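# Working through the structure, step by step
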Amino acid sequence: MTTRSLAQPDRCARKWCEEAGEHEVHRQYLTAFRTTEGRSIGVNVVQVGDQPQAVELTMLPRRGRDLSIVFQVANAEAIARGMRAGARRAGQ
Ligand SMILES: [Zn+2]
């Protein structure tokens, strides 16, 4: 019988985190979609160290660097409400 840990060495201790290897920002990838301009936008849950979890939007431009914006939960909720209101109005 073995006492060896079953934990995989490159798996994060936070079970929800999908980052592998050594990392400072814990991240769970929720969804990604493509804008009408052809840019990919990802939505992730992130946590830096022991700070509260936050919501991250990552835009992957066709060229150049990625752009990431991290929102605290309350701000992410406000943006979601604003986006839903915009979508309703634009869909009329
Ligand atoms: Zn992690």
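Residues numbered from 1 in each chain as written. Predicted model: local features only at pLDDT ≥ 70, side-chain atom pairs only at ≥ 80, totals over all residues.

## Concerning the overall build of the chain
Threshold: Here a strand is any run of E in DSSP of at least two residues, a helix any run of H or I of at least four, and the numbering for each starts at the N terminus. As defined in this context, the radius of gyration uses C-alpha atoms, and a globule is described by 2.2 Å times the residue total to the power 0.38. The exposure label follows from counting other C-beta atoms within 10 Å of a residue's C-beta, where the C-beta atoms are placed from the backbone and the thresholds are 20 or more for buried and 12 or fewer for exposed, leaving partly exposed in between. Each residue gets a C-beta atom placed from its backbone, and two residues are in contact if those atoms lie within 7 Å.
Regarding its fold elements, the chain presents 1 helix and 4 strands. Reading the secondary structure of the chain in the N-to-C direction produces β-β-β-β-α. For the chain, the C-alpha radius of gyration of 17 Å lies well beyond 12 Å, the compact-globule estimate for 92 residues. Dimensions of the chain, computed from C-alpha atoms along their principal axes, come out at roughly 65 × 30 × 20 Å. Looking at the chain as a whole, 4% of its 92 residues are labelled buried. Within the chain, counting contacts between residues at least 6 apart in sequence, those at least 24 apart form 4% of the total.

## What to know about helix H1 (residues 73-90)
For clarity, the threshold we go by: What a helix is expected to span follows from its residue count: subtract one and scale by 1.5 Å.
Its 18 residues give H1 an end-to-end C-alpha distance of 25 Å, which sits within 8% of 26 Å, the value for a rise of 1.5 Å per residue. Counting buried positions over the 18 residues of H1 gives 0, only a small fraction of the element.

## Section: the pairing of strand S2 (residues 40-48)
Filter applied, for reference: DSSP-based pairing: two strands are paired if at least 2 bridges between them are found.
Across 9 bridges, strand S1 (residues 25-34) lies against S2 in antiparallel orientation. The residue of S2 that forms the bridge with phenylalanine 33 is isoleucine 41. Linking S1 to S2, which pair antiparallel, is a turn of 5 residues; within it glycine 38 sits at a positive phi near 85 degrees. Here S2 hands over to strand S3 (residues 54-60) after 5 residues, with glycine 49 in that stretch at a positive phi of 55 degrees.

## A look at the sheet that holds S2
Our working definition: Axes here refer to lines fitted to C-alpha atoms; in helices the fit is confined to the stretch in contact. Angles between the N-to-C directions go from 0 to 180 degrees.
Judged by pairing direction, the sheet is antiparallel, and its 4 strands sit side by side in the order S1-S2-S3-S4 without closing on themselves. Where the open sheet ends on each side, the last strands, each with one partner, are S1 and strand S4 (67-71). Taking each pair of neighbouring strands and ignoring which way they run, the sheet shows an average axis angle of 20 degrees. Summarising the sheet, S3 and S4 pair through 5 bridges and their orientation is antiparallel.

## Let's talk about the environment of leucine 67
Checked against the element boundaries, leucine 67 lands in strand S4. Spatially, the C-alpha atom of leucine 67 lies 23 Å from that of tryptophan 16, the residues being 51 residues apart in sequence.

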